[in-house]
Structures are given as C-alpha cells and as structure tokens.
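Architecture at a glance
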Amino acid sequence: MLLDDHDVVLFDLDGTVYRGGELVPGALEAIQRVHDRGVPVRYVTNNASKPDRAVVDHLIGLGLKAERSEVSTSAQAGAAMLAEKLPAGSRVLVVGSAALESEVDRLGLVPVTEFADEPVAVVQGLSTDLGYRDFAEACLAIRDGALWVACNADRTLPTERGLMPGNGALVELLRAATDQDPLVAGKPERPLLDRAVSSAGADRPLMVGDRLDTDIAGAVKAGMPSLMVLTGVNTPRHLLEAVPGERPGSVAADLRGLFSPQSEVAIAAQPAWSVTVGDRLELSSRGDGDELGALRALCAAWWSAGSGPVQVEGSDDAARAALRVLNID
C-alpha cells in the first residue's frame, strides 16, 4: 500500500482532515489506521491564527488522537524564520493573532504593534480581528526597510460555510501598498515542511493535501512525494490542468487512499482506460474502471504532452459517464 513506503505522513488540515468543525469523510478511520501501524503523523497547517494547543484540542474534539509534538503551524515556522535572521531581543511588528505573538515572544524576539516602536521586522498571519490600523503600521515599517515575513500566502480558507479570505489575500493588500514581496514560511515554501519532517526524524515523508498551489507545490519544492485528495479546494479539472510545479504523484478521493496499493493511486496509464492526445483528449473505456482511474489516465497522458487548459471528450458511454462524475466533460 502507499503508506508502506513512508516513515511519516504530513497531513494538511483545512480541506484534508476537516472543513471547519466537521471531519472530512474517511479521515477519522484513515488517521487511526496510520497510528495503528506505528507511522508518525504531523499535522501541517498554514493557518497561523491558532496556537498548537488549540489545534490539538480541535482535533481531539473531532475524535482524533493528537499531541502538540504532532502539530506544525505556519506561525511557528514564521517565528522561527525570524529568529534565524535576527538577534535576540529584536523588535517585531506582529500583524496577526495572539498565537503568532506568542510564538515570536517564545523565540526571544519582542512583539510590538506600532511603527513608533521601531520594529526591524514584520510578521504577518491570519486573524479575523485585524483592521486598517494594523496594516497601516505594517506598511510604514515595511516601507522603512523592515524585514517582512508572511506565515503563509493562502488566498482562501476553507470552512463549513465555504471559502473565506485567507492570509494571502491580506498579504496582497500589503504588497500593493508597499511594492515589496515577503518571505513566506508556510506552504508552498519549504520551512514549514522541513521543520515537520525534522521533528519526526524522518527521511521518507509523504505530503497529503487538497490544494495544488500550497500542499502539492510545497511537496514538489521540498522534493517529497505527495498524495492529493479531492475533499477540499481543488477539483479534478484543476488537477488535470496543473502546472508542472503543482503536480502530485498520486490522487485519491480521500485519506483512505493511503491504504490502496501505490499502483492503484499513482497518476499513470490505467489498464481500464485509454487516452488519445490530439487537439483535445479522448477518453475510452477498455474494462471495468472507475472515474478516478480515468482521471489518473487523463493526467498522465496530458502531463506528458502539454499543460494548461484542455478539452476532454468521451468516446463511449462509460467514458462519458466518468467525465460527468469528474465534472470535466
């Protein structure tokens, strides 16, 4: 099975394990099985608004086992990035939650909230309490030469109500106001993932996530295999048209794909499906295959031939039915 080849599994949270206050179908069973097999897990989240203890409490409240050592947040990664670049006692203007402020303080830096406090750096993470004044103070500091670190650049945040603005949307506000680009600690950059793998003492990690531009792109940058699950933001159409830097090695409906044979979840040619590549992709059935097998075959064929938008059609009833289920007909 896919899990057998790895000594730690890095789980994205929002859209992969849960959506707001609800577990994703199959997540509880799958993560329990990973624990039962003795494989370490790390919950790797770009959400910088909560402390690791709150993440653990949320997971436990949903019925999962979790410990603080298993949680890696982009707030931790952002604070660590600053601590590596600044001397102890440096003042850092925090644009974010109390959790982010606590991480900055824990690493020997001094959190401040105003440009008048003469910060040498700005760290930015998501908080629903941020207002104009917070961004104005950060804008002044960044324009004055302060080092700018963004915990993550996710433009949206999945919730049980739908997609909400993420930290990346607010990063764009400051980017427009300062004409500067931040260093990014969270996915798709490496610091968050590297810290999680190192904390487990692992060397054969697997990244599991729902977002191509963060989870999967981060795995590509870190040189680690990845499994995309179709429970969150990105769709089969997004996967088919993914650019090279955002392509996973495997795709499954949900986390239960960890326990499928690797050959069944790998993005590769499929015995039950054939794909003809021309000015469009033509999918044909040649056996008893499911729609995810069709998706894997389509991706393998298109990624070898090109990238970007492509039209797809089915040549028979089974192929057309699969494309309808995948919503890429």
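A short tour of the structure in this document, coming up. The residue numbering used here restarts from 1 in each chain and proceeds along that chain's sequence as written. The predicted origin of the model limits local features to residues at a pLDDT of at least 70 and limits the giving and counting of side-chain atom pairs to 80 or more, whereas totals for whole chains, interfaces and linings rest on all residues. Side-chain numbers here rest on the full set of heavy atoms in the structure, without hydrogens or water.

1. Regarding the pattern of salt bridges
We count a salt bridge whenever a side-chain nitrogen from Lys or Arg sits within 4 Å of a carboxyl oxygen from Asp or Glu. Scanning the entire structure with this criterion turns up 19 salt bridges. Arg-237 is the partner of Glu-241 in a salt bridge, and the nearest nitrogen-oxygen pair spans 2.7 Å. Per-residue accessibility, obtained with a 1.4 Å probe over protein chains only, is compared with the maximum for each type, and a residue is labelled buried under 20%, exposed over 50%, and partly exposed between these values. By relative accessible area, which is 23% here, Glu-241 ends up partly exposed. Given a relative accessible area of 22%, Arg-237 falls into the partly exposed group. Of the charged contacts in the structure, one is a salt bridge between Arg-320 and Asp-317, with a shortest N-O distance of 2.8 Å. Pair noted here: Arg-320 and Asp-317 are both in helix 12 (residues 317–326), with a separation of three residues, about one helical turn. Here the salt bridges share partners, and the residues they tie into one network are Arg-155, Glu-172, Arg-175 and Asp-181. Helix numbering and strand numbering both begin at the N terminus, where a helix is a DSSP run of H or I of at least 4 residues and a strand a DSSP run of E of at least 2.

2. Quick word on the sheet that holds strand 7 (residues 110–112)
Between any two strands, pairing holds if DSSP finds at least two bridges. Spatially, five strands are ordered 7-6-8-9-12 in an open sheet, and the strand pairing comes out parallel. In the strand order of this sheet, the two ends are held by strand 7 and strand 12 (183–184), each with one partner. Whether two residues are in contact is decided by their heavy atoms: any pair within 4.5 Å suffices. Here, axes are lines fitted to C-alpha atoms. For helices the fit covers the stretch in contact, and angles between N-to-C directions go from 0 to 180 degrees. Along the sheet face, helix 4 (residues 98–106) touches strand 6 (91–95), strand 7 and strand 8 (121–124) and points at about 165° away from the line of strand 6. Sheet strands touched by helix 5 (residues 132–143): strand 6, strand 8 and strand 9 (147–150). Its angle to strand 6, the strand with the most contacts, is close to 140°.

3. Quick notes on the side chain of His-6
Residue position: His-6 is located in the segment before strand 1 (8–11). The exposure class assigned to His-6 is buried, which follows from its relative accessible area of 9%. Within the local environment of His-6, its side chain forms a polar contact with the backbone oxygen of Arg-204, the two atoms lying 3.3 Å apart. Setting aside chain neighbours within four positions, we find His-6 in contact with Val-39, Arg-204, Pro-205, Leu-206 and Pro-225. For this analysis, a polar contact is any N or O atom pair within 3.5 Å, provided that within protein one partner can donate a hydrogen and the other can accept it, and provided that sequence-adjacent residues contribute only side-chain to side-chain pairs.

4. Remarks on the packing of helix 11 (residues 291–305) against helix 12
Helices that pack against each other are described as a pair by the angle of their axes relative to one another and the distance between those axes. Running from N to C, helix 11 and helix 12 cross one another at 90°; their axes reach a closest spacing of 9 Å. By the angle between their directions, the pair helix 11 and helix 12 is classed as roughly perpendicular. For the pair formed by helix 11 and helix 12, the contact residues are Glu-291, Ala-294, Leu-295 and Leu-298 on the first element and Ala-322, Leu-323, Val-325 and Leu-326 on the second. Along the lines of polarity and charge, the residues of the contact of helix 11 with helix 12 split into seven nonpolar, no polar and one charged. To sort the angles, those under 35 degrees are grouped as roughly parallel, those over 145 as roughly antiparallel, those from 65 to 115 as roughly perpendicular, and the leftovers as oblique. Under the grouping applied here, Gly and all other residues not named as nonpolar or charged are polar, the nonpolar ones being Ala, Val, Leu, Ile, Met, Phe, Trp, Tyr, Cys and Pro and the charged ones Asp, Glu, Lys and Arg.

5. As for the pairing of strand 1
Burial of strand 1 is two-sided: the residues Val-8 and Leu-10 facing one way and the residues Val-9 and Phe-11 facing the other way are all buried. For strand 1 and strand 13 (residues 205–209), the ladder comprises four bridges, and the chain directions are parallel. The partner of Leu-10 across the bridge, within strand 13, is Met-207. With three bridges connecting them, strand 1 and strand 4 (residues 41–45) associate as parallel partners. Residue pairing for strand 4: Phe-11 is matched across the bridge by Tyr-43.

6. Quick word on helix 11
Expected helix span is given by 1.5 Å per residue-to-residue step, counting one fewer step than there are residues. Spanning 15 residues, helix 11 covers 21 Å between terminal C-alpha atoms, matching the ideal 21 Å at 1.5 Å per step. Burial runs high along helix 11: twelve of the 15 residues are buried. Turning to helix 11, its buried residues are Leu-292, Gly-293, Ala-294, Leu-295, Arg-296, Ala-297, Leu-298, Cys-299, Ala-300, Ala-301, Trp-302 and Trp-303.

7. Comments concerning the pairing of strand 4
Burial analysis of strand 4 places five of its five residues in the buried class, the great majority of the element. Alternating residues of strand 4 divide into Val-41, Tyr-43 and Thr-45 and Arg-42 and Val-44, and every residue in both groups is buried. Here strand 4 pairs with strand 5 (residues 71–73) via three bridges, running parallel. Bridge pairing links Val-44 to Ser-72 in strand 5. Handedness rule for crossovers: strands pointing away from the viewer, path from the first strand over the helix to the second running clockwise, crossover right-handed. On the question of chirality, the crossover connecting strand 4 to the parallel strand 5 by way of helix 2 (residues 52–61) is right-handed.

8. Focus: the sheet that holds strand 17 (residues 281–285)
Within the open sheet, the three strands sit side by side as 16-17-18. Their pairing is mixed. Of all strands in the sheet, those with a lone pairing partner are strand 16 (273–277) and strand 18 (312–314), marking the two edges. Between one strand axis and the next, the sheet turns through 25° on average, direction left out of account. Looking at chain direction, strand 16 and strand 17 are connected through five bridges and run antiparallel. Counterpart to Val-277 in the pairing with strand 17 is Leu-281. Helix 11 rests against strand 16, strand 17 and strand 18 of the sheet, and its axis sits at about 30° to strand 16.

9. Focus on the packing of helix 3 (residues 74–85) against helix 4
At a closest axis distance of 9 Å, the pairing of helix 3 and helix 4 adopts a crossing angle of 35°. Of the two possible hands of crossing, helix 3 and helix 4 adopt the one that is right-handed. Contact with helix 3, carried on its side by Ala-75, Gln-76 and Ala-79, involves Leu-100, Glu-103 and Val-104 of helix 4 and no other residues of that element. In the contact of helix 3 with helix 4, the residues fall into four nonpolar, one polar and one charged. For any pair of crossing helices, the crossing counts as left-handed if the nearer helix is rotated counterclockwise from the farther one by less than a right angle, and right-handed if it is rotated clockwise.

So, to be careful, I would describe these as geometric facts and stop short of saying anything about function.
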